[in-house]
Amino acid sequence: MNKLDLNNLKNEGVENVPMQERRDFLKMGLAITGIFAGGTILSAVSTFNTANAADFAKKYPYSPHYSMVMHQDRCIDCERCMAACVATNHVPNVPGAYRTTILEKDTPDAVGGKREFIPVLCNQCNLPQCTRVCPTKATYKDQTTGIVLMNIKKCIGCLTCQEGCPYNARYFNEEKKAVDKCNFCWDTRLSKGEKDTACAHACPAGVRIFGDLSKQDDPVFKTVHQIEKAVWVLRPEAGTRPNVFYTKG
Amino acid sequence: MTIRLITTVTALLALVTGLASAASYPEAPIVFDKPVTGVIFSHKVHMDKGLSCEMCHNRLFEMQAKKAQGNADFVMESLYQGKYCGACHNGSLAFAANTRCATCHIGVKGAKRLSDGGTQEETHEH
């Protein structure tokens, strides 16, 4: 049996460590700093008191770094968010056209509640696939806010972005003759000085909390960076580093 | 004369049947639509748990479907204070009103399913 020379092992980098794995370790208060020997050895350091010091800027590179946390179990499918979005962002009333919608999950075998509603919208990913695949750069990541925006003049309607999006967050708007999507109400509210999105504003149950991940005193930041309650993202395996988080309670 | 007698008998029968059904309950679930859309109440589910009419009527709810939603205080906050459903749904008699939201809140989707003739919501054991 070969003896491992622990002192001279090469750090193979953490780029390929899955997000879930990193998150699991973070919840234990550990940050993975390297993998060795083909992944059989993992080095980790305690994140106690320094949780966000090192890679904070790298993690939340935008300012404000807009984000949303969904308190999923509070959703009652009253759909006021959807109505507010339609009214604010002029979403046409045709099937399949939405910037935000609510999914329904039946769990007949569960003890207690048998149903969950899951509000969804564009996740404004840090590594968006839609902008990567757009052949005309009609959709792009805003350099300041990190919002994934549309330049409808450049959109040729090829719908490649729809294919690329793991979240089904895009639809073709016949009136605009371009793909339309949630932009956190950038043009209709945020750029005009409003502090939240129409959907978050309309929610009567406190499901959608809108905020800025670059501020450590922001409610969204505080929710995402605690360990008492689980926080997750949808489809983490897509590796797009979404900015919409989910939790319960 | 005979026709008149038959009419009277029929009317009496209807009255008796009416009385009998008054002692039972509406079979179709009640779906409130204010202040938010799609909040279900199933008489069947509650009767099957052994509750009697007078436990809610008319102290908490009048015997007129959806009348309560006309009241300004028909909101979750009132339930937390023990009004309406909150009289039992307080965490000791029945699950607390601030838990299991989607059990009663069937939402726009659930309400639509029911109005389209589905019965799925009723089969949920609450």
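Residues numbered from 1 in each chain as written. Chains lettered and ligands numbered in written order. Predicted model: local features only at pLDDT ≥ 70, side-chain atom pairs only at ≥ 80, totals over all residues. Heavy atoms only, no water.

Draft legend 1. Representation of the interface of chain A and chain B within the structure. With 16 residues of chain A at the contact, the number on the chain B side is 17 residues. Between chain A and chain B lies a buried interface of about 1400 Å² when both sides are counted; carbon and sulfur atoms form 49% of it. On inspection of chain A and its partner chain B, the count reaches 3 salt bridges. A salt bridge links A:Glu104 to B:Arg113; the shortest N-O distance between them is 2.9 Å. Inspection of the chain A/chain B interface yields 7 residue pairs in polar contact (both at pLDDT 80 or more). (Contact = heavy atoms within 4.5 Å. Buried area = accessible area lost by both parts, 1.4 Å probe. Salt bridge = Lys/Arg side-chain N within 4 Å of Asp/Glu carboxyl O. Polar contact = N/O pair within 3.5 Å; in protein donor to acceptor, adjacent residues only side chain to side chain.)

Draft legend 2. Structural context of the packing of aromatic side chains. Residue and element names in this part refer to chain A. Evaluation of the coordinates by the stated rule reveals 7 aromatic pairs over all chains. Centre to centre, the rings of Tyr60 and Phe221 are 6.4 Å apart; their planes meet at 75°, and the pair counts as edge-to-face. One end of the pair, Tyr60, is in the loop between α2 (56-59) and β3 (66-71); the other, Phe221, is in helix α7 (residues 219-224), and 161 residues separate them in sequence. Note on Tyr60: relative accessible area 8%, which makes it buried. On the accessibility criterion, Phe221 (4% relative accessible area) is buried. (Phe/Tyr/Trp six-rings, centres within 6.5 Å; stacked < 30°, edge-to-face > 60°. Helix = DSSP H or I, 4+ residues; strand = E, 2+ residues; numbered from the N terminus. Buried < 20%, exposed > 50% of the residue type's maximum accessible area, 1.4 Å probe, protein only.)

Draft legend 3. Quick peek at the pattern of salt bridges. Applying the stated criterion across every chain, the model contains 16 salt bridges over all chains. Notably, a salt bridge pairs B:Lys109 with A:Asp77, separated by 3.4 Å at the nearest N-O pair. Of this pair, B:Lys109 sits in helix α5 (residues 107-115) while A:Asp77 is found in the loop between β3 and α3 (80-89), placing the two residues in two different chains. Residue classification places A:Asp77 among the buried positions, given a relative accessible area of 0%. With its nearest N and O atoms 3.3 Å apart, the salt bridge here joins A:Glu174 to A:Lys177.

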